[in-house]
Amino acid sequence: MSKLTETSKLTDTALPRPVPQPGILEISAYVPGRSSTGNARAPIKLSANESPLGASPRAIEAYRAAADRLEIYPEGSSRLLREALGEVNAIDPDRIVVGAGSDEVLHLLAQAYVGVGDEVVISRYGFMVYPIVTRAAGGVPVFAEENDYHADVDAILASVTDKTRLVYLANPNNPTGTCLPASELDRLHAGLPANVILAIDSAYAEYVTDPDYGVGISLVERAENVVMVRTFSKMGLAAVRVGWLYGPAAIIDVLNRIRGPFNVTMPGQLAAAAAARDLAFIARLKAHNAQWRDWLTAELSSNRLRVLPSQGNFVLVLFPDTPGKTAADANAALLEEGLVVREMGGYGIPEGLRISIGSESAMRAVAACLKDFMDQ
Ligand SMILES: *Cc1c(COP(=O)(O)O)cnc(C)c1O
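Conventions we followed
- Residues numbered from 1 in each chain as written.
- Predicted model: local features only at pLDDT ≥ 70, side-chain atom pairs only at ≥ 80, totals over all residues.
- Heavy atoms only, no water.
- Helix = DSSP H or I, 4+ residues; strand = E, 2+ residues; numbered from the N terminus.
- Rg over C-alpha atoms; globule rule 2.2 N^0.38 Å.
- Contact = heavy atoms within 4.5 Å.
- Areas by Shrake-Rupley, 256 points an atom, 1.4 Å probe, with all protein chains shown as cover.
- Lys, Arg positive; Asp, Glu negative; His and termini not counted.
- Charge placed at Lys NZ, Arg CZ, Asp CG, Glu CD.
- Axes fitted to C-alpha atoms, helices over the stretch in contact; angles between N-to-C directions.
- Parallel < 35°, antiparallel > 145°, perpendicular 65-115°, else oblique.
- Left-handed = near helix turned anticlockwise from the far one by under 90°.
- Nonpolar A, V, L, I, M, F, W, Y, C, P; charged D, E, K, R; others polar.
- Buried < 20%, exposed > 50% of the residue type's maximum accessible area, 1.4 Å probe, protein only.
- Arc of directions from axis to C-beta.
- Near = heavy atom within 4 Å.
- Polar contact = N/O pair within 3.5 Å; in protein donor to acceptor, adjacent residues only side chain to side chain.
- 1 Å grid on protein atoms, 1.4 Å probe; cavity = no way out; pocket = protein on both sides within 12 Å on 5 of 7 lines; lining within 4 Å.
- Points joined across faces, edges and corners; volume = space filled by probe spheres on them.
- Phe/Tyr/Trp six-rings, centres within 6.5 Å; stacked < 30°, edge-to-face > 60°.
- Pairing = 2+ DSSP bridges.

1. What to know about the overall build of the protein chain
Link 1 in the chain: Check the secondary structure of the protein chain and you find 13 helices and 13 strands.
Link 2 in the chain: Relative to its length of 376 residues, the protein chain is compact, with a C-alpha radius of gyration of 22 Å against a globular reference of 21 Å.
Link 3 in the chain: For the protein chain, the proportion of contacts with a sequence separation of at least 24, taken over those separated by at least 6, is 74%.
Link 4 in the chain: Looking at the protein chain as shown, the accessible area adds up to about 17000 Å², and 54% of this sits on carbon and sulfur atoms.
Link 5 in the chain: When the 34 basic and 43 acidic side-chain charges of the protein chain are each reduced to a single mean position, those positions are 4 Å apart.

The following block contains the structure:
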């Protein structure tokens, strides 16, 4: 060790050190849903909104076939996947950007349009990634209050200032499951200045059954400041990491300048393209989800629990603050049965537990456990 190094070790605190950009140290890293029970029970994972029916068999086949060409770089623009998405959704493939999960495209948007001190409006119980990507870009998240766990268009619009660059809105929202009708999205867009981007995150679109829903495509087509963000993660491909964004040509051009040149793997592109075209599998997933989302909602509601109306593949259940009957107590009872759900303290909803819609046996086990819990 040189003398210089030894000396600098001694005076460590006085030396300059690498300092991250403004905002970074204010980020609390994203905490994924837990996957173990912490006891001897084998976990039944209902904490990350994953598909209970696995992946599309066609996607699995495409993924396996890609194993023969792992030495070749992926096609950089995800063209074959954009073409599949264009076909299935009747949209222009040139106005799609694909990312390594929708997390990546949410990051790219903030990186491209938000600078130090700029504001990003987020609904109070909006998806936790939005404040992270905002702060990572040096921006300031501004939270708009909700109306009984529903995003409130008037509160969002009232939060917009000269510094606002972006509004992120998950619809349906994770973790509440609540959803605004297309008319409310239109009203939100109409009230925003033309230089503010409205990012509609339709991660759960495949699960929505409300006829008044609008996924965001028609709004993108009518406006220069609206993007729709989607993911394959909630429909069976969470491990593969593929998400995408549909938007106006000018925004697509910007995002393509900053994304990694080979940001999506070739097995991922092929599996997602096959999954996008497997409409029969998507329909099966949607039907299973609707049946057991309704069933679980009815069962828990009849046990004096409040279940927020959900359009996603999960429900948010609200527990009383009576000692012995709280969400934390219920979580402990569920873990005893091997049932791993999502605690909501990090979202500022300590009274809630988010439960993914799983297999029939998992749903029956959850309902039975929470019935015993409430009856005790
Ligand atoms: C799960 C989720 C995503 C993240 O999806 P990835 O594609 O896995 O990164 C994005 N938005 C919302 C609202 C989600 O719930």
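2. Quick word on the packing of helix H12 (residues 327-336) against helix H13 (residues 360-375)
Link 1 in the chain: Relative orientation of the contacting elements H12 and H13 amounts to 130°, with a least axis distance of 10 Å. Between H12 and H13, the crossing angle belongs to the class labelled oblique. The handedness of the crossing between H12 and H13 is right-handed. The residues of H13 that touch H12, namely those facing Asp329, Ala330, Ala333 and Leu334, are Val366, Cys369, Leu370 and Phe373.
Link 2 in the chain: Of the residues contributing to the contact of H12 with H13, the split by class is seven nonpolar, no polar and one charged.

3. A look at helix H5 (residues 129-136)
Link 1 in the chain: Burial runs high along H5: six of the eight residues are buried.
Link 2 in the chain: Every buried residue of H5 is accounted for by Val129, Tyr130, Pro131, Ile132, Val133 and Thr134.
Link 3 in the chain: Turning to H5, the residues buried within the fold contact helix H4 (102-113), strand S3 (119-123), strand S4 (140-144), strand S5 (164-170) and strand S6 (197-201).
Link 4 in the chain: Just beyond H5, the residue with positive phi is Gly138, at close to 90°.

4. Quick look at H12
Link 1 in the chain: Those residues of H12 that fall on the buried side of the exposure criterion are Ala327, Ala330, Asn331, Leu334 and Leu335. For H12, the angular spread of the buried residues around the axis is 140°, confining them to a single face. Residues of H12 that are exposed and point over 90 degrees away from its buried face: Ala328 and Glu336.
Link 2 in the chain: Downstream of H12 by a residue or two, Gly338 has a phi angle that is positive, lying close to 85°.

5. A word on the site of the ligand
Link 1 in the chain: By nearness alone, 13 residues border the ligand, and Asp201, Tyr204, Thr231, Ser233 and Lys234 come closest of all.
Link 2 in the chain: Measuring from an oxygen atom of the ligand, one finds a backbone N or O atom of Ser102 at 2.6 Å.
Link 3 in the chain: At a separation of 2.8 Å, an oxygen atom of the ligand approaches a polar side-chain atom of Asn174.
Link 4 in the chain: Residue composition of the shell around the ligand, grouped by class: four nonpolar, five polar and four charged.

6. Details of empty space enclosed by the protein
Link 1 in the chain: Evaluated as defined, the whole model comprises two cavities of 30 Å³ or more.
Link 2 in the chain: Forming the walls of the largest cavity are His150, Ala151, Leu169, Ala170, Asn171, Asn173, Thr176, Thr178, Cys179 and Leu180.
Link 3 in the chain: Partitioning the lining of the largest cavity into residue classes produces five nonpolar, five polar and no charged.
Link 4 in the chain: Size it by volume and the second largest cavity reaches roughly 30 Å³.
Link 5 in the chain: Lining of the second largest cavity is provided by Glu50, Pro52, Tyr207, Leu285, His288, Asn289, Asn313 and Ile357.
Link 6 in the chain: Its residues assigned to classes, the lining of the second largest cavity shows four nonpolar, three polar and one charged.

7. Some points on the packing of aromatic side chains
Link 1 in the chain: Across all of its chains, the model carries eight aromatic pairs by this definition.
Link 2 in the chain: Look at Tyr30 and Phe127: their rings are 6.2 Å apart centre to centre, the planes differ by 65°, and that puts the pair in the edge-to-face class. Of this pair, Tyr30 sits in the loop between helix H1 (3-10) and strand S1 (44-45) while Phe127 sits in the loop between S3 and H5, and the two are 97 residues apart along the sequence.
Link 3 in the chain: Here Phe127 falls in the buried class, since its relative accessible area comes to 12%.
Link 4 in the chain: Seen from their ring centres, Tyr130 and Tyr168 are 4.8 Å apart, and the 10° between their planes marks the pair as stacked. On the criterion of sequence distance, the pair formed by Tyr130 in helix H5 and Tyr168 in strand S5 is long-range, its members being 38 residues apart.

8. Some remarks on the sheet that holds S3
Link 1 in the chain: Here seven strands make up an open sheet; going across it, the order is S2-S8-S7-S6-S5-S3-S4 and the pairing mixed. Only two strands of the sheet have a single neighbouring strand rather than two, namely strand S2 (96-99) and S4. Averaged over all pairs of adjacent strands, the angle between strand axes in this sheet comes to 20°, irrespective of strand direction.
Link 2 in the chain: Relative to strand S8 (residues 243-246), strand S7 (residues 226-231) is paired through four bridges, and the arrangement is antiparallel. Bridge assignment links Val229 to a residue of S8, and that residue is Leu245.

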